[in-house]
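# Notes for the structure review
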Amino acid sequence: MKIPLSWIREFADIPLTATIAEIDEAFVRVGFEVESIEEQGSDLTGPLVVAHVLEIEELEGHKKPIRYVGLDCGEGSTRYVICGATNFAVGDLVVAALPGAVLPGDFAISARETYGKTSNGMICSARELGISDEHSGIIVLPADCAPVGIDAIALLEINDLIIDVAVNPDRGYALSLRGLARELAASMNVSFRDPAQAVDATKYPVNSAGVAISIDDSDAASVAYLRTIQGFNAQSPSPIWMRRRIEKCGMRSISLGVDITNYVMLELGQPLHAFDRDKISGSLHIRRAGKEKTFTTLDSQERSLHADDLMVADDKQSLALAGTMGGLSSEVTDSTTSIALEGVRFNPVDIAKNSRRHKLSSEASRRLERSVDPLMAEISTARAIALFIELGGASYVGTSVSGNPVLPANVTIDPTHISRLLGFEIAPSVVREKLEIVGCAIAEKSPTSWAITPPSWRGDLQVTADFVEEVARMIGFDAIPSTLPVGKAGAGLSPMQSRKRSTGLFLANNGFTEVYNYPFVSPELVELLGFKGERAKGFRLANPMSEEFPLLRTHLLPGLLTTAARNIGRGAKNIALFEIGSIFRDTTPLAEQEIVPTSQRPTPAQLKKIYDGVPVQPLHVGGVIAGSFNPEGWKGKGRTADWNDAIGYATRIIEQTGNSWSVTHSDFAPWHPGRCAELQVDGKPVAHAGELHPRTCSALGLPARSVAFVVALSALDFQPPLASSTLVTMPAAVQDIAVVVKNTVPAFAVESALREGAGDLLESITLFDRYDKLDDGDISLAYSMVFRAPDRTLTADEVSGYREAAAAMAAAQCGATVRS
């Protein structure tokens with residue numbers, strides 16, 4: 001929220017000598033991040049004066065409107081300037097920059113010849129002065145607001161410090177000058193004056209003369225005030241001080257009626273809504289939409305209603321989408337003379353649902369969904385009515401109230417617990433002082449038992465930990481001693497952490513780049529990749545970051561392929577990416593959850609139920625290679641990655657875990673059905689690798705024949721540490737064997753049969769040739785087998801016998817014949 005320092009100083013005695021750095025540090029000290037601090041007016045120098053428009057000459061023959069304007073700048077003579085704006089007329093008061101002035105952007109003003117005339121100055125817009133983004137026309141001041149020739153910099157209060165403070169969702173009270181001034185005063189240890197205490201609501205007593213209001217749904221709101229006025233002049237201009245404060249807070253000045261409600265909202269934090277009383281039939285009701293189907297809001301948009309939408313309605317129709325935006329049918333216009341002003345403490349959850357269902361976030365909804373002070377419905381409406389009477393000539397009619405404010409419940413805490421949680425000793429007197437600064441009332445039952453009444457605006461203070469945080473904030477987080485925790489002796493990485501780290505290092509050392517993707521995917525991408533079965537059973541998020549990506553990923557490939565395509569689109573030619581992360585599949589029914597209190601450790605039964613309600617999240621590693629794996633260079637031609645590379649990396653990852661694998665053909669989407677391998681451990685699929693389907697590559701803009709692999713790391717068993725084998729010094733005997741099999745027989749099956757038949761003295765077996773140009777669709781597979789005995793040199797007859805036994809086993813299991 002943007003706030004001007006000049007306005008803060010009305011409520012907090014901030015020293016005039018306070019520097020920007022000190023103010024920044026003061027907010028940070030109590031837990032508020034400062035987004036920016038703008039020194040408005042620091043790049044603006046005069047003369048900048050209030051000028052009276054005496055005459056306007058329209059210059060013809062130009063592509064855009066050009067006016068030659070005569071101004072009275074209080075100099076005793078008419079000054080003429082060229083201006084392209086058309087939103088002013090003779091008799092208006094404007095802001096003129098005279099020669100010698102320098103506007104933001106180092107724009108120096110001087111007399112110059114243009115359009116055949118001499119322009120002796122410039123009429124300024126708000127953007128040109130750097131005081132807002134409004135640039136639809138020049139600044140037109142209210143009539144008789146200031147003498148001609150007076151300094152406009154002082155009149156417009158341009159020289160000010162604008163502080164943009166980030167407010168967390170649990171601190172809705174800080175979305176106001178009242179809230180932030182209190183926090184800054186507490187941090188800087190200066191006095192604070194609550195603007196709410198300056199409002200006398202007794203001037204506007206409850207009676208039956210005005211429009212009545214009722215809360216028909218008790219869950220929708222706790223208290224509602226509706227105050228009625230008449231005789232209001234809607235065309236009265238907003239005073240400059242009000243307009244400027246609203247603009248400094250980042251909002252636009254619109255009209256007096258709208259400006260008053262916005263001003264009070266910024267000051268006290270309670271959103272208000274003004275209805276044209278003459279457009280209300282009967283009384284107002286806070287209720288659900290029910291059977292209503294559509295509603296037209298102030299922005300002229302017709303919106304489809306949900307039955308649970310919270311509405312403000314009269315006896316005939318809905319008039320506002322509660323706490324979010326008013327309706328077009330009851331809008332206050334220039335002809336409005338009677339106003340019914342509504343201030344309600346709505347249920348924050350209902351306002352949040354209204355806002356999200358209609359994708360309509362407003363200044364009002366941002367505050368109401370974070371919870372507002374329940375006492376402000378009465379105070380804010382009274383403050384606004386006083387301004388309507390003072391500035392718009394209105395007279396008070398009556399007030400209607402429904403419900404009662406619900407204040408935060410009393411909490412009993414042990415003050416010594418605060419020191420234990422913070423890790424250092426804090427005197428009870430300091431704890432009391434800091435909690436009272438926050439606004440708490442404390443009744444001490446005993447040294448270890450305090451009954452605390454939280455302030456009305458702090459409904460978030462519910463358990464001991466909340467008060468610990470408040471004491472820490474008020475003391476200052478930087479005052480808490482920093483102590484490094486002592487690690488458990490002998491602690492190290494868990495087996496899964498070690499596996500994850502070694503896998504990442506292996507891929508990084510082989511030229512891959514690690515990426516981290518959001519675990520959210522779109523239904524369209526899931527459909528494009530052809531996911532079926534378990535891979536299509538994803539969880540849909542109730543409140544997604546983006547409506548485009550509402551699903552949790554069931555596979556790593558959607559994110560990897562999208563990232564690869566993005567990098568290819570940005571000019572990368574050859575990429576190798578990998579990601580290690582969890583996936584989420586909706587394959588097991590989850591236990592329903594209940595709200596578990598945070599005041600004590602959950603019981604074992606509660607913990608089990610919590611974990612039973614969390615989906616299984618297996619850990620996977622995936623990689624994608626697109627383009628040349630070994631780029632062409634001075635050393636020679638490059639090599640494009642193929643499906644064998646993907647399979648090779650997948651098998652090496654499995655081997656690093658100590659598991660043995662087997663390979664079989666697969667048609668798993670989104671891989672090419674003819675170039676995809678499924679890797680199994682103990683008959684269980686643990687990985688897929690190969691060439692991506694041409695359709696997938698084309699749809700995502702990836703190079704043809706890009707390859708990918710995914711290994712389920714958490715599906716691989718943890719093996720005992722490998723014992724080093726005895727170093728054998730006896731010579732090896734090498735035998736080659738070529739066998740002919742049907743082309744449907746996997747090479748891995750043939751290798752397994754040969755290994756089994758060759759016996760215990762087989763040291764290694766390697767496939768070194770594959771020939772597929774035989775008759776009847778047969779293929780020839782040639783293997784090199786290495787035999788070695790630990791205690792002797794093998795004879796030729798022994799080795800030949802082992803070779804024949806291997807061939808016999810391959811014949812029995814795979815129908816292989818030895819090729820002559």
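Here the residue index of a chain counts from 1 through its sequence in written order. In keeping with the predicted nature of the model, local features appear solely for residues at pLDDT of at least 70, side-chain atom pairs appear and are counted solely at 80 or more, and the whole-chain, interface and lining totals rest on all residues. Water and hydrogen atoms were dropped before computing side-chain values, which therefore reflect all heavy atoms in the structure.

### Describing the UniProt feature "domain: TRNA-binding" (unreviewed entry) in the chain
With numbering matched to this structure, UniProt assigns "domain: TRNA-binding" (unreviewed entry) to residues 42-153. Each helix is a run of H or I in the DSSP string that is no shorter than four residues. Each strand is a run of E no shorter than two, and both are numbered from the N terminus. Here residues 42-153 is 2% helix and 39% strand, with 11 Å between the C-alpha atoms at its ends. UniProt positions are given in the numbering used here, feature names are shortened, and annotations may be inferred rather than shown by experiment.

### Topic: the domain arrangement of the chain
Many authors give the size of an interface as the accessible area that is lost as the parts come together. Taken domain by domain, the chain holds domain 1 (1-39 + 159-192), domain 2 (46-157), domain 3 (211-401), domain 4 (413-477), domain 5 (493-582 + 617-713) and domain 6 (731-816). Segmentation of the chain into domains, including their bounds, is taken from an automatic or database domain assignment. One C-alpha centre belongs to domain 3, the other to domain 4; they are set 36 Å apart.

### Notes on the sheet that holds strand E1 (residues 2-4)
The pairing criterion is simple: DSSP has to find at least two bridges between the two strands. Strand order in this open sheet of 3 strands is E1-E13-E2, and the pairing throughout is antiparallel. One side of each edge strand has no neighbouring strand; the edge strands of this open sheet are E1 and strand E2 (33-40). Taken pair by pair, the neighbouring strands of this sheet meet at an average axis angle of 25°, ignoring direction. Only the stretch in contact is used when fitting a helix axis, every axis being a line fitted to C-alpha atoms; angles between N-to-C directions are given from 0 to 180 degrees.

### Considering the sheet that holds strand E42 (residues 817-818)
Reading across the sheet, the 4 strands line up as E40-E41-E39-E42 and stay open at both edges, with antiparallel pairing between neighbours. Only two strands of the sheet have a single partner each, and these edge strands are strand E40 (762-771) and E42. As judged from the 8 bridges shared by E40 and strand E41 (residues 778-787), these two strands associate in the antiparallel manner. For Leu762, the partnering residue across the bridge sits in E41 and is Phe787. Contacts are assigned to residue pairs with any non-hydrogen atoms lying within 4.5 Å of each other. Contacting strand E39 (733-742), E40 and E41, helix H19 (residues 747-758) runs over the sheet at an angle of about 40° to E41. Helix H20 (residues 796-814) rests against E39, E41 and E42 of the sheet, and its axis sits at about 20° to E39.

### Here's the deal with the packing of helix H13 (residues 495-509) against helix H17 (residues 643-656)
Two numbers describe how H13 lies on H17: the axes approach to 11 Å, and their chain directions differ by 145°. Remark: the crossing between H13 and H17 carries right-handed chirality. Every residue of H17 that contacts H13 at Ser502, Thr503, Phe506 and Leu507 is listed here: Tyr649, Arg652, Ile653 and Gln656. Only Asp, Glu, Lys and Arg are considered charged, only Ala, Val, Leu, Ile, Met, Phe, Trp, Tyr, Cys and Pro nonpolar, and every remaining residue, Gly among them, polar. Residues of the contact of H13 with H17, tallied by class, amount to 4 nonpolar, 3 polar and 1 charged. Handedness of a helix crossing follows the sense of rotation of the near helix relative to the far helix, less than a right angle counterclockwise being left-handed and clockwise being right-handed.

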